[in-house]
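# Observations on chain architecture
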Amino acid sequence: MRQNPSFALADVAELRLLIERNPWVTLVSSTPEGLVASHYAVVLDPERDDLTILGHVGKPDDLIHALGEQELLVVVQGPHGYISPGWYGDVAAVPTWNFISAHLAGVPELLSAEENLRVLEHLVAHFEERMPDPRLMWAPPNDPSYIDRLERGTVGFRLTPARVVAKRKLSQNKPAEVVETVIAELNADGPFANPALAAEMRRAQDARVRP
């Protein structure tokens, strides 16, 4: 992803929030057969305060990616959406796309079976805790033999990125009144309504104008 200083995102707290809110990521590897990509959920390592993530892949995706043997690119995609030039007023303009995205790259550490099992438990608990009646990994009708098969069919990993490139393009290069118009349009009922993107733009705009 080509970086642009005007849209660069380097704040670790903001990047952690991006990962927390958008855990469904794309894993990309370069292999002798060409590029390969897979899609999995990840979580931040609860024992770290950096951008270390935990995840797993189903076998044989570990072999397809040569997981642990080479660099892995993790693409995190936040809210994004179409921005009409008509929202800029009576000025020369073309359509664009607002978005938040981060690329985390590094060689992942493969987890032992015991660590992988803990990560699987953590993943389930992390998402199920929002449910009114959480069903955790060991809850019936799951039994030990089922959990054992689940663990043996997956490979867990921990990735502390060696390189991070992140971009938050939310109309920062436009006047405040234009940003407000774009936010209003994204919150409206039009064909490109996008409340999630509008909320991110509002949060970013409020941070910029806050004394």
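How each quantity is defined
- Once a new chain begins, its residue numbering starts again from 1 and follows that chain's sequence as written.
- Since the coordinates come from a predicted model, pLDDT governs what is reported: local features require at least 70, and pairs of side-chain atoms require 80 or more to be given and counted, while whole-chain, interface and lining totals use all residues.
- As a rule here, side-chain values cover all heavy atoms of the structure and leave hydrogens and water aside.
- Secondary structure counts use DSSP, requiring at least four H or I residues in a row for a helix and at least two E residues in a row for a strand, with both numbered from the N terminus.
- Buried means the residue's accessible area, taken with a 1.4 Å probe over protein chains only, is under 20% of the maximum for its type, while exposed means over 50%, and partly exposed covers the values in between.
- Any pair of residues with heavy atoms lying within 4.5 Å of one another is described as a contacting pair.
- Every accessible area reported is derived by Shrake-Rupley at a probe size of 1.4 Å, with residue values counting cover from the shown protein chains alone.
- For this document, the term salt bridge refers to a Lys or Arg side-chain nitrogen within 4 Å of an Asp or Glu carboxyl oxygen.
- Only C-alpha atoms enter the line fits that serve as axes; for helices the fit covers just the stretch in contact. Angles between N-to-C directions range over 0 to 180 degrees.
- Each angle receives one of four descriptions, namely roughly parallel if under 35 degrees, roughly antiparallel if over 145, roughly perpendicular if within 65 to 115, and oblique otherwise.
- For this classification, the nonpolar set comprises Ala, Val, Leu, Ile, Met, Phe, Trp, Tyr, Cys and Pro, the charged set comprises Asp, Glu, Lys and Arg, and every other residue, Gly included, is treated as polar.
- Any two rings among Phe, Tyr and Trp, with Trp reduced to its six-membered ring, count as a pair given centres within 6.5 Å; such a pair is stacked if its planes are under 30 degrees apart, edge-to-face if over 60, and tilted if neither.

## Considering the overall build of the chain
When helices and strands are counted, the chain shows six helices and eight strands. Helices and strands in the chain line up, N terminus first, as α-β-β-β-α-β-β-β-α-α-β-β-α-α. Principal-axis analysis of the C-alpha atoms gives the chain an extent of 65 × 45 × 35 Å. With 211 residues in all, the chain has 42% of them scored as buried. Looking at the chain alone, contacts between residues at least 24 apart form 71% of all its contacts between residues at least 6 apart. If you sum the accessible surface of the chain, you get close to 11,700 Å²; carbon and sulfur atoms cover 56% of it.

## Digging into the pattern of salt bridges
Throughout the structure, instances matching the rule amount to eleven salt bridges. For Arg 152, the salt bridge goes to Asp 148, with nearest N and O atoms at 2.8 Å. Pair noted here: Arg 152 and Asp 148 are both in helix H4 (residues 144–152), with a separation of four residues, about one helical turn. The class for Arg 152 is partly exposed, based on a relative accessible area of 47%. What makes Asp 148 partly exposed here is its relative accessible area of 38%. For Arg 203, the salt bridge identified is with Glu 200, shortest N-O distance 3.2 Å. Placement of both Arg 203 and Glu 200 in helix H6 (residues 195–209) is noted, with a separation of three residues, approximately one turn of the helix. Given a relative accessible area of 30%, Arg 203 falls into the partly exposed group. Exposure remark for Glu 200: the relative accessible area of 9% places this residue in the buried category. Among the ionic contacts, a cluster of salt bridges with common partners joins Glu 14, Arg 21, Arg 168, Glu 200 and Arg 203.

## Regarding the packing of helix H3 (residues 113–128) against H4
With their axes 10 Å apart at the nearest point, H3 and H4 run at an angle of 110° to one another. If you check the angle between H3 and H4, you find them roughly perpendicular. Where H3 approaches H4, its residues Ala 113, Asn 116, Leu 117 and Leu 120 are matched on the opposing element by Ile 147, Leu 150 and Glu 151. For the contact of H3 with H4, the class distribution of residues is five nonpolar, one polar and one charged.

## Considering the environment of Ala 199
You can see Ala 199 is positioned in helix H6. A relative accessible area of 47% places Ala 199 in the partly exposed class. Residues Ala 199 and Asp 148 lie 51 residues apart in sequence; the distance between their C-alpha atoms is 42 Å.

## Observations concerning the packing of aromatic side chains
Under the definition given, this model contains two aromatic pairs. Note on Tyr 82 and Trp 97: the rings are 6.1 Å apart at their centroids and 70° apart in plane angle, and the pair reads as edge-to-face. Within this pair, whereas Tyr 82 is found in strand E4 (residues 72–83), its partner Trp 97 is found in strand E5 (residues 96–106), the two being separated by 15 residues in sequence. Residue classification places Tyr 82 among the partly exposed residues on the basis of a relative accessible area of 22%. On the accessibility criterion, Trp 97 (43% relative accessible area) is partly exposed.

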